[in-house]
Amino acid sequence: MQTIGNKPSAAVADSLPVLAGAALAVSGVGAVLALADLASPLRAPFTLFFLIVAPASAVAAGLRGLEPLGRLVASAAGAVALNLLVAQAMLATQTWSIRGGVAAIAGLSALLFLLALLRRPGGPTARRQTY
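All figures in this text were calculated on a predicted structure; none of them were measured in a lab. (Residues numbered from 1 in each chain as written. Predicted model: local features only at pLDDT ≥ 70, side-chain atom pairs only at ≥ 80, totals over all residues. Heavy atoms only, no water.)

**Q** So what exactly am I meant to see when it comes to the layout of surface pockets here?
**A** Where empty space is left can be seen by rolling a probe of water-molecule size over the atoms. In this structure, the largest pocket encloses a volume near 760 Å³. Around the largest pocket, the lining is made up of 28 residues, and of these Ala23, Val53, Ala56, Ser57 and Ala60 lie nearest the centre. Of all elements in the fold, only helix H1 (10-36), helix H2 (43-62), helix H3 (68-92) and helix H4 (98-119) reach the threshold of two or more residues within the lining of the largest pocket. Class assignment for the residues of the lining of the largest pocket results in 22 nonpolar, 5 polar and 1 charged. (1 Å grid on protein atoms, 1.4 Å probe; cavity = no way out; pocket = protein on both sides within 12 Å on 5 of 7 lines; lining within 4 Å. Points joined across faces, edges and corners; volume = space filled by probe spheres on them. Helix = DSSP H or I, 4+ residues; strand = E, 2+ residues; numbered from the N terminus. Nonpolar A, V, L, I, M, F, W, Y, C, P; charged D, E, K, R; others polar.)

What follows is the structure, given as structure tokens:
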């Protein structure tokens, strides 16, 4: 007899950290390839992966209260908006470069991660009540 429920199977739950680590590695390689200006056939797809995943992960970290599908949609829209905002600002100031865009997205994503970390209940800024 099989139990039907909403919980993911153990194999899926165990593979999520592995997939997250692989995504982090691929996006990190993409950022390094773009920032170091190395000629590689993997540079374009890995950099594009970084430009999508880094801001989407940062936005998703701040949206802990949403359901998973809503969080996915909102973080993807936030990633696209952040990329467009950076590109528009760099084009308006005539400072556009691939390395500059990747560095700006990395910096903004890190800032969003830090803000989400500081805002999280039980995080470093949460006060402990002692009675």
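This is not the end of the story, as more comes after the structure.
**Q** Before we go on, may I ask you to explain the confidence of the model for the protein in this structure?
**A** As a general rule, the predicted coordinates of low-pLDDT regions are not to be interpreted in detail. Chain-level pLDDT for the protein is 85 on average; 82% of the residues reach the 70-or-more range. Looking across the protein, the model is least confident in H1, with a mean pLDDT of 83, and most confident in H3, with 94. (pLDDT = per-residue confidence, 0-100.)

**Q** Got a minute to help me understand the nonpolar core in this structure?
**A** Across soluble globular proteins, nonpolar side chains show a tendency to be buried alongside one another. In this structure, Ala31, Ala34, Phe50, Ala54, Leu82, Val86, Met90, Val102 and Ile105 together form the largest nonpolar core, which totals 9 residues. Those elements that provide at least two residues to this core are H1, H2, H3 and H4. Tallying contributions element by element places H3 first for this core, with 3 residues. Setting aside anything within four residues of it in sequence, one finds methionine 90 in contact with Thr95, Trp96, Ser97, Gly100 and Gly101. (Core = buried A, V, L, I, M, F, W, Y, C linked by side-chain atoms within 4.5 Å. Buried < 20%, exposed > 50% of the residue type's maximum accessible area, 1.4 Å probe, protein only. Contact = heavy atoms within 4.5 Å.)

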